[in-house]
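Structural characterization, general
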Amino acid sequence: MDAYEDFDRTVNLLGALTLYAHLLRADLDFVDAVGPALAVSLPSGVLPPFPPGYDPNDGRDYPGCGC
């Protein structure tokens, strides 16, 4: 498995964990233990870096987002 497949699989697992966490009988201790472990396991260097001078807070406001 290459880094892109690993990244994709990990992001999908994080998404599934998020959905699971919103179930009525979800084991939130499990979510609290597994979520950070999955996030830390994301491979670095898969996504391109942000361009120089990028500021995520400096952009247009989107209607309804409360930004």
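Scroll up to find the structure.
An account of the accompanying structure is given in this report. (Residues numbered from 1 in each chain as written. Predicted model: local features only at pLDDT ≥ 70, side-chain atom pairs only at ≥ 80, totals over all residues. Heavy atoms only, no water.)

Some details on the overall build of the chain
- Within the chain one finds two helices and zero strands.
- Taken across its 67 residues, the chain has 12% of its residues classed as buried.
- Expressed as a percentage of contacts within the chain between residues at least 6 apart in sequence, the contacts between residues at least 24 apart total 55%.
- Just so you have it, the chain exposes about 5,800 Å², and 59% of that area is on carbon and sulfur atoms. (Helix = DSSP H or I, 4+ residues; strand = E, 2+ residues; numbered from the N terminus. Buried < 20%, exposed > 50% of the residue type's maximum accessible area, 1.4 Å probe, protein only. Contact = heavy atoms within 4.5 Å. Areas by Shrake-Rupley, 256 points an atom, 1.4 Å probe, with all protein chains shown as cover.)

Details of the packing of helix 1 (residues 3–21) against helix 2 (residues 28–40)
- Remark: helix 1 packs on helix 2, axes separated minimally by 10 Å, with the N-to-C direction vectors making an angle of 160°. The pairing of helix 1 with helix 2 is recorded here as roughly antiparallel in orientation. The chirality of how helix 1 crosses helix 2 is left-handed. On helix 2, the residues that touch Thr 10, Leu 13, Leu 14, Leu 17, Tyr 20 and Ala 21 of helix 1 are Leu 28, Phe 30, Val 31, Val 34, Gly 35, Leu 38 and Ala 39.
- Class assignment of the residues belonging to the contact of helix 1 with helix 2 gives a composition of 11 nonpolar, two polar and no charged. (Axes fitted to C-alpha atoms, helices over the stretch in contact; angles between N-to-C directions. Parallel < 35°, antiparallel > 145°, perpendicular 65-115°, else oblique. Left-handed = near helix turned anticlockwise from the far one by under 90°. Nonpolar A, V, L, I, M, F, W, Y, C, P; charged D, E, K, R; others polar.)

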